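One-letter residues, chain by chain:
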Amino acid sequence: MVYELARAAIQRLFQDKILMGLIIVLVLAILVGGFGGGSDRAPTGPKEAAAPPAAAPAPDGQQPVDSKLASDFIKWWLTGAMDFNAATAQKSHADALAWITADTVQAFQANFWPPELAEGISSGRVTASFTPSSVQPVAVNPDGSVVVAVAGSLMMQQGPRPAVHQFVADFLVRRDQDGLRVAGVYNRTVASAGSSVY
């Protein structure tokens, strides 16, 4: 009985060219991933581009990061990581820390968001603003990570006169199972003991 039903369905398929064409298109679409579904993560950062087809996986199994994507990620990430508005800085920095690897959080806080600065901003004793002038990828490492150099100016005021400081830093961008992450920081403006070179 089942055999006869299957045979009748196959004969019908070969006789109806439109139905056969639709089935072929459906099979091809499934094979090339057209109906693969979307990501189950809510988009919270810049869109990630697929690695070029010729890109080989990094030695440790990580996927290489596209240089432009790394640069766009850092531009987006800096809006929270360098937020010095008294009303939003605490939440912005907490959100930015979620995009840093666990072993890099301490270096970031020591270099760019020490407790005394965080307290000064939230109390209103210190006002500050950051203006980037350049965000450029400068190196692609063998493991697929990308170093992004950031230059700009940091204005800080804790008294009658504001002081403008040159800002130069490098950020290492790496991809993990959850997406892009800041995996290293190096403050080239003032190299401190807590910063790491990569």
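In case you missed it, the structure is sitting above this.
Residues numbered from 1 in each chain as written. Predicted model: local features only at pLDDT ≥ 70, side-chain atom pairs only at ≥ 80, totals over all residues. Heavy atoms only, no water.

A.B. asks: Would you take a moment to explain the nonpolar core for this structure?
C.D. replies: Among the nonpolar cores identified, the biggest contains 36 residues, and I74, W77, L78, F84 and F171 are the most heavily contacted of them. Taken together, the elements giving at least two residues each to this core come down to α3 (67-81), α4 (89-97), α5 (105-112), α6 (115-123), β1 (127-140), β2 (146-157), β3 (162-176) and β4 (179-187). Broken down by element, this core gets its largest block of residues, seven residues, from α3. Setting aside anything within four residues of it in sequence, one finds W77 in contact with A96, W99, I100, F108, F171 and V182. (Core = buried A, V, L, I, M, F, W, Y, C linked by side-chain atoms within 4.5 Å. Buried < 20%, exposed > 50% of the residue type's maximum accessible area, 1.4 Å probe, protein only. Helix = DSSP H or I, 4+ residues; strand = E, 2+ residues; numbered from the N terminus. Contact = heavy atoms within 4.5 Å.)

A.B. asks: Got a minute to help me understand the sheet that holds β3 in this structure?
C.D. replies: Think of a sheet as strands paired side by side through backbone hydrogen bonds, with each pair either parallel or antiparallel. The sheet built from four strands is open, its strands ordered β1-β2-β3-β4 with antiparallel pairing. The open sheet has two edge strands with one neighbour each: β1 and β4. Ignoring which end each strand starts from, the neighbouring axes of this sheet average 30° apart. With twelve bridges connecting them, β2 and β3 associate as antiparallel partners. (Pairing = 2+ DSSP bridges. Axes fitted to C-alpha atoms, helices over the stretch in contact; angles between N-to-C directions.)

A.B. asks: I'm lost on α6 in this one. Help?
C.D. replies: Spacing of three or four residues puts side chains on the same side of an α-helix, whose turn is 3.6 residues. Along α6, the positions that sit buried rather than exposed are L117, A118, G120 and I121. End-on, the buried residues of α6 take up no more than an arc of 165°, which puts them together on one face. When the buried face of α6 is taken as reference, the exposed residues oriented beyond 90 degrees from it are P115 and E116. The inward-facing, buried residues of α6 abut α4, α5, β1 and β2. (Arc of directions from axis to C-beta.)

A.B. asks: Can you walk me through the layout of surface pockets in this structure?
C.D. replies: Empty space left among the atoms is revealed by rolling a probe the size of a water molecule over them. For the largest pocket, the calculated volume is near 380 Å³. Around the largest pocket, the lining comprises 17 residues; the ones closest to its centre are N111, F112, L117, L154 and M156. Looking at the lining of the largest pocket, the elements with two or more residues in it are α5, α6, β2 and β3. For the lining of the largest pocket, the leading source of residues is β3, giving three residues. When grouped by side-chain class, the residues that make up the lining of the largest pocket number ten nonpolar, six polar and one charged. (1 Å grid on protein atoms, 1.4 Å probe; cavity = no way out; pocket = protein on both sides within 12 Å on 5 of 7 lines; lining within 4 Å. Points joined across faces, edges and corners; volume = space filled by probe spheres on them. Nonpolar A, V, L, I, M, F, W, Y, C, P; charged D, E, K, R; others polar.)

A.B. asks: For this particular structure, what's the right way to read the side chain of H93?
C.D. replies: Within the secondary structure layout, H93 lies in helix α4. Under the relative-accessibility criterion, H93 is labelled buried at 1%. With residues near it in sequence (within four places) discarded, H93 still touches G80, A81, M82, D83, F108 and W113.

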